[in-house]
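Topology and contacts: notes
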Amino acid sequence: QVQLVESGGGLVQAGDSLRLSCAASGRTFSSNVMGWFRQAPGKEREFVAAIAWSGAYTYYADSVKGRFTISRDDAKNTVYLQMNSLKPEDTAVYYCAAKIVTGIATMRDANRYDYWGQGTQVTVSS
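Reference entry: report on the structure contained in this document.

The four strands lie next to each other as β1-β3-β8-β7, forming an open sheet whose pairing is antiparallel. Each of the sheet's edge strands pairs with one partner strand only, and the pair in question is β1 (2-7) and β7 (68-73). Averaged over all adjacent pairs, the angle separating strand axes in this sheet is 15 degrees, with direction ignored. Pairing of β1 with strand β3 (residues 18-26) involves six bridges; the strand directions are antiparallel. Counterpart to Val5 in the pairing with β3 is Ala23.

Here the focus is the state of the cysteines. Under the criterion given, the structure shown has one disulfide. With a sulfur-sulfur separation of 2.0 Å, Cys22 is cross-linked through a disulfide to Cys96. Note on the Cys22 and Cys96 pair: the S-S dihedral is about -80 degrees, so by sign convention the disulfide is left-handed. You can see Cys22 sitting in strand β3 and its partner Cys96 sitting in strand β9 (residues 92-99), a full 74 residues away along the chain. Taking relative accessible area as the criterion, Cys96 reaches 0% and is therefore assigned buried.

Let us now look at the side chain of Arg38. Within the element layout of this structure, Arg38 appears in strand β4 (residues 33-39). A distance of 2.9 Å separates a polar atom in the side chain of Arg38 from a polar atom in the side chain of Asp90. Side chain to side chain, Arg38 and Tyr94 meet in a polar contact 2.9 Å long. With residues near it in sequence (within four places) discarded, Arg38 still touches Glu44, Arg45, Glu46, Val48, Ser63, Val64, Phe68, Glu89, Asp90, Ala92, Val93 and Tyr94.

On to the nonpolar core, then. Among the nonpolar cores identified, the biggest contains 37 residues, and Leu4, Trp36, Leu81, Met83 and Tyr94 are the most heavily contacted of them. Of all the elements in the fold, those that place two or more residues in this core are β1, β3, β4, β5 (46-52), β7, β8 (78-83), β9 and β11 (120-125).

Most of β8 is tucked away: five of the six residues are buried. Pairing between β3 and β8: six bridges, direction antiparallel. Each bridged residue has a counterpart across the sheet, and for Ser21 the counterpart in β8 is Tyr80. Looking at chain direction, β7 and β8 are connected through six bridges and run antiparallel. Each bridged residue has a counterpart across the sheet, and for Thr69 the counterpart in β8 is Gln82. The antiparallel pairing of β7 with β8 creates a hairpin that spans four residues between the two strands, and Asn77 there sits at a positive phi of about 50 degrees.

Reading the values: the criteria
- Residues numbered from 1 in each chain as written.
- Predicted model: local features only at pLDDT ≥ 70, side-chain atom pairs only at ≥ 80, totals over all residues.
- Heavy atoms only, no water.
- Pairing = 2+ DSSP bridges.
- Helix = DSSP H or I, 4+ residues; strand = E, 2+ residues; numbered from the N terminus.
- Axes fitted to C-alpha atoms, helices over the stretch in contact; angles between N-to-C directions.
- Disulfide = S-S within 2.5 Å.
- Buried < 20%, exposed > 50% of the residue type's maximum accessible area, 1.4 Å probe, protein only.
- Polar contact = N/O pair within 3.5 Å; in protein donor to acceptor, adjacent residues only side chain to side chain.
- Contact = heavy atoms within 4.5 Å.
- Core = buried A, V, L, I, M, F, W, Y, C linked by side-chain atoms within 4.5 Å.

Spelled out as structure tokens, the structure:
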């Protein structure tokens, strides 16, 4: 079992940057996928970005391409989401998730992830 803890959220102005962190503990898998999702009030949970734990494969939602960067530190079992040029529409609770099976075809599907953090609030004011 894996435990995930997000941090780094906060209140910022449009155009500012934030870096979210997700620290994983418990069982360590040699190969897995880490993803970031977000959910605004009254909306469905939305895929943001994902990265293969054992490789450099990264995937992004079209809405964040060129602005967000997902990365990982294998030694620390930590995944990051660098968010630049933030917009008010980025406001949401951001969740870190882990998927045991590494198939990239399901990286954008929240229902295929096995473990979830409790989320961290990101609010972008105009």
